[in-house]
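Below are the chains, spelled out letter by letter.
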Amino acid sequence: MQDPMVERIQANPKYQQLRTTRNRYGWVLTILMLIVYYGYTALVAFDKSFLAKPMGEGVTTIGIPIGMAIIVFSVIITGLYVRRANNEFDGLTRDILQEATK
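Scoring rules and cut-offs
- Residues numbered from 1 in each chain as written.
- Predicted model: local features only at pLDDT ≥ 70, side-chain atom pairs only at ≥ 80, totals over all residues.
- Heavy atoms only, no water.
- Helix = DSSP H or I, 4+ residues; strand = E, 2+ residues; numbered from the N terminus.
- Rg over C-alpha atoms; globule rule 2.2 N^0.38 Å.
- Buried < 20%, exposed > 50% of the residue type's maximum accessible area, 1.4 Å probe, protein only.
- Contact = heavy atoms within 4.5 Å.
- Lys, Arg positive; Asp, Glu negative; His and termini not counted.
- Charge placed at Lys NZ, Arg CZ, Asp CG, Glu CD.
- Core = buried A, V, L, I, M, F, W, Y, C linked by side-chain atoms within 4.5 Å.
- Patch = residues over 30% accessible without salt bridge, like charges linked within 9 Å, V, L, I, M, F, W, Y side chains within 5 Å.
- Areas by Shrake-Rupley, 256 points an atom, 1.4 Å probe, with all protein chains shown as cover.
- Salt bridge = Lys/Arg side-chain N within 4 Å of Asp/Glu carboxyl O.

(A) The overall build of the protein, seen in detail. A count of helices and strands for the protein gives 4 helices and 0 strands. Ordered by position from the N terminus, the helices and strands of the protein form the series α-α-α-α. On C-alpha atoms alone, the protein measures out to a radius of gyration of 21 Å, which is more than a quarter above the 13 Å that the 2.2 N^0.38 rule sets for 102 residues. Projected onto its principal axes, the C-alpha coordinates of the protein cover approximately 70 × 25 × 20 Å. Within the protein, the proportion of its 102 residues that are buried is 17%. In the protein, of all internal contacts separated by at least 6 residues, the share reaching a separation of at least 24 is 62%. Looking at charge distribution, the protein has the averaged site of its 11 positive side-chain charges lying 2 Å from that of its 8 negative ones.

What follows is the structure, encoded as C-alpha cells:
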C-alpha cells in the first residue's frame, strides 16, 4: 500500500527532473573522482620512477603535489555538489513538497 503523499510526489514532473538531474550530476562527479584516484593509483603501480623524480634540489618528489592535487580536487568537487544542491536541488525539493501538500 502506497502513501498518497508519496504518490503525489512521484507523479510530479519536478520530482522526475530532480531525480534525473541529481543522479546524472552525481554520476559525473563520481566518474571524475574515480578517474583521478585510479589514475594516480595506476601511476604508482606502473610508473613509480615518474612520481619519484625530485622537484628541484629538495627531497620533494613529483608525487607529493600530485597527491595533494587529488585531495584538493576532491574538496572542490564536493563543494560543487554542495553548491548545486543548496541552490538548485533544495529549491526543487521545496517546490515539490509545497505542491504535494496542497
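Now that the structure has been shown, the text picks up again.
(B) Quick peek at the nonpolar core. Ranked by size, the top nonpolar core spans 10 residues in total: Ile9, Leu18, Tyr25, Leu29, Ile77, Ala85, Phe89, Leu92, Ile96 and Ala100. When residues of this core are traced back to their parent elements, those giving at least two are helix 2 (13-46) and helix 4 (63-100). Here the element with the most residues in this core is helix 4; it accounts for 6 residues. In contact with Ile96, other than residues within four places in its own chain, are Ile9, Asn12, Lys14, Tyr15 and Leu18.

(C) Spatial organisation of a nonpolar patch on the surface. A surface patch of nonpolar side chains, about 370 Å² in accessible area, is lined by Trp27, Ile31 and Ile35. Relative to the helices and strands, Ile31 is located in helix 2.

(D) The pattern of salt bridges, seen in detail. Inspection of the entire model under this criterion finds 3 salt bridges. Between Glu99 and Lys14 there is a salt bridge, with its nearest N and O atoms 3.0 Å apart. Placement of the pair is Glu99 in helix 4 and Lys14 in helix 2, with a sequence separation of 85 residues. Salt bridges linked by common partners bring Lys14, Asp95 and Glu99 together as one network.

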